[in-house]
Amino acid sequence: MSDTEPVVLVEVSDRIGTVTLNRPEARNALSSEVLRRLPRAMAELDDDPDVDVLILTGRDPAFCAGLDLRELGSTGANLGGGEPGGGESGSRVGDPGSGTEPAGDRPAPRGPWRPMTKPVIGAVNGVAVTGGFELALYCDFLIASDRARFADTHARVGVMPGWGLTVMLPQAIGIRRAREMSLTGNFMGAAEALAFGLVNHVVPHEELLPFTRSIATDIAGNDQPGVQRVLATYAAVADGTIAEGWNTERRMGREWLAGRDVSAAVSSRREGIIERGRRQVE
């Protein structure tokens, strides 16, 4: 990738908007720039009358390796810096595990981008780790390449989830498997992810985007007000049963960070975490 190429690419064709994380040399890790640009791109496509469905993917070889530990560990940077949808108020929405509270009476923000009115399909082309795993979980459903791998390494890094992993992962694979993934930090392969219900389909790597686009085309061919209403109904039903889970995750993340130097901990563990991940996905 050249220095002038955007870290988040956006393409619209045939009423499908495709968002591609574009830091392949860093396995599409979530830098502060990505965390500013990604929610803005998602919001713009959600507002675009020429787009009916979105696809989120990464530029090979990875989907997303999570927070940029090099940036966090070396600078202690706040990797957030914006509201969902691309605002610049500095509320740290983009900072998974920050555990920060919203100001005033505003509802607590959720996830890596604002609530969407249009379906988002995750096309997982490689590793999806920790914050990258949360990006995938925040999609409405997932289609995986046979090269996809999933892991939650929050406990290995020593930070707490901040984008709803402890809410969404049990929904996807069940509480006991979710606990195992989070407590061990071990990787789950594509075939196992399909068997456990984490992903809807696994396809050969070169067929991932064409297959995902075919599913997106099926959605785009439906009555769009109906699609959006059904999607909103799913969200409303789920929210009524798990809303407290989001509050619990936020509270526990805030308590965990109290008095801790997360930047120093990440810096000291970074190389070991990266090396272990490489061994598991090779």
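Keep in mind that this is a model prediction, so the values were computed, not measured.

> Please explain helix H9 (residues 224–257) as it appears in this structure.
Because an α-helix packs 3.6 residues into every turn, residues spaced three or four apart end up facing the same way. For H9, built from 34 residues, the straight-helix expectation of 50 Å at 1.5 Å per residue is missed by more than 12%, its first-to-last C-alpha distance being only 43 Å. The sharpest bend along H9 measures roughly 60 degrees and falls at Thr-241. Where the residues of H9 are buried, they touch helix H3 (131–138), helix H5 (165–173) and helix H8 (208–220). The residue sitting at the N-terminus of H9 and contributing the capping side-chain oxygen is Asp-223; that oxygen lies 2.8 Å from the backbone nitrogen of Gly-226. Directly after H9, the chain includes Gly-259, whose backbone phi takes a positive value near 75 degrees.

> Is there a simple way to think about the environment of Arg-229 in this case?
Along the chain, the position of Arg-229 falls in helix H9. For Arg-229, a relative accessible area of 62% puts it in the exposed group. C-alpha separation for the pair Arg-229 and Thr-117, spaced 112 residues apart in sequence, amounts to 8.3 Å.

> Can you walk me through the pairing of strand S1 (residues 8–13) in this structure?
Of the pairings in the sheet, the one linking S1 to strand S2 (residues 16–21) comprises 6 bridges and is antiparallel in character. Across the sheet, residue Glu-11 finds its bridge partner in S2, namely Thr-18.

> How should the nonpolar core be read in this particular structure?
Considering soluble globular proteins, one finds that nonpolar side chains tend to be buried as a cluster. Counting 52 residues, the largest nonpolar core has Leu-38, Trp-113, Leu-135, Phe-150, Leu-169 and Leu-198 as its most contacted members. Per-element accounting of this core gives the leading share, 6 residues, to helix H1 (residues 32–47). With sequence-adjacent residues up to four places away left out, Phe-150 is seen in contact with Val-124, Ala-128, Phe-133, Leu-142, Met-181, Asn-186, Phe-187, Met-188, Ala-193, Leu-198 and Val-199. Membership of the second largest hydrophobic core comes to 12 residues, among which are Ile-55, Ile-143, Leu-208 and Ala-216.

> What is the right way to look at the side chain of Ser-182 in this model?
Position of Ser-182 relative to the elements: it lies in helix H6 (residues 175–184). With residues near it in sequence (within four places) discarded, Ser-182 still touches Asp-152, Ala-155, Leu-165 and Leu-169.

> Please clarify how empty space enclosed by the protein should be interpreted in this entry.
Any space left empty among the atoms is revealed by the rolling of a water-sized probe across them. Counted by the stated rule, this structure contains 2 cavities of 30 Å³ or more. Looking at the second largest cavity, the residues that line it are Leu-30, Val-34, Leu-35, Leu-38, Pro-39, Pro-112, Leu-135 and Trp-163. Looking at the lining of the second largest cavity element by element, the count peaks at 4 residues for H1. Of the residues contributing to the lining of the second largest cavity, the split by class is 8 nonpolar, no polar and no charged.

> Explanation requested: the layout of surface pockets in the structure shown.
Size it by volume and the largest pocket reaches roughly 1200 Å³. Contributing elements (two or more residues each) for the lining of the largest pocket: H3, strand S6 (141–145), H5 and H9. Ranked by residue count, the leading element in the lining of the largest pocket is H9, at 11 residues. Among the residues making up the lining of the largest pocket, the classes are represented as 24 nonpolar, 5 polar and 5 charged. The volume enclosed by the second largest pocket comes to roughly 660 Å³. In terms of lining, the second largest pocket is formed by 30 residues, of which the most central are Ala-26, Arg-27, Ala-65, Leu-69 and Ile-274. Taken together, the elements giving at least two residues each to the lining of the second largest pocket come down to helix H2 (69–75), strand S5 (127–129), helix H4 (154–157) and helix H10 (262–281).

> Explain the packing of aromatic side chains to me, please; I cannot follow it from the model alone.
Think of a pair of aromatic rings as described by two things: how far the centres are apart, and how the planes are tilted against each other in angle. Under the criterion given, the structure shown has 2 aromatic pairs. With 5.2 Å between their ring centres and 65 degrees between their planes, Trp-113 and Tyr-138 make a pair best called edge-to-face. With a gap of 25 residues between them, Trp-113 in the loop between H2 and strand S4 (120–124) and Tyr-138 in helix H3 connect regions that are remote in the sequence. Residue Trp-113 is classed as buried on the basis of its relative accessible area of 1%. For the pair Phe-133 and Phe-150, a centre-to-centre distance of 5.7 Å together with 50 degrees between the ring planes defines the contact as tilted. One end of the pair, Phe-133, is in helix H3; the other, Phe-150, is in strand S7 (residues 149–151), with 17 residues separating them in the sequence. Relative accessible area serves as the criterion here: at 0%, Phe-133 is assigned to the buried category. Over the aromatic face of Phe-196 sits the side chain of Arg-177, whose NZ or CZ is 3.8 Å from the ring centroid.

Criteria and cut-off values
- Residues numbered from 1 in each chain as written.
- Predicted model: local features only at pLDDT ≥ 70, side-chain atom pairs only at ≥ 80, totals over all residues.
- Heavy atoms only, no water.
- Helix = DSSP H or I, 4+ residues; strand = E, 2+ residues; numbered from the N terminus.
- Expected span 1.5 Å × (residues − 1).
- Bend = angle between axes of the 7 residues up to and from the residue.
- Contact = heavy atoms within 4.5 Å.
- Polar contact = N/O pair within 3.5 Å; in protein donor to acceptor, adjacent residues only side chain to side chain.
- Buried < 20%, exposed > 50% of the residue type's maximum accessible area, 1.4 Å probe, protein only.
- Pairing = 2+ DSSP bridges.
- Core = buried A, V, L, I, M, F, W, Y, C linked by side-chain atoms within 4.5 Å.
- 1 Å grid on protein atoms, 1.4 Å probe; cavity = no way out; pocket = protein on both sides within 12 Å on 5 of 7 lines; lining within 4 Å.
- Points joined across faces, edges and corners; volume = space filled by probe spheres on them.
- Nonpolar A, V, L, I, M, F, W, Y, C, P; charged D, E, K, R; others polar.
- Phe/Tyr/Trp six-rings, centres within 6.5 Å; stacked < 30°, edge-to-face > 60°.
- Lys NZ or Arg CZ within 6 Å of the ring centre and 35° of its normal.

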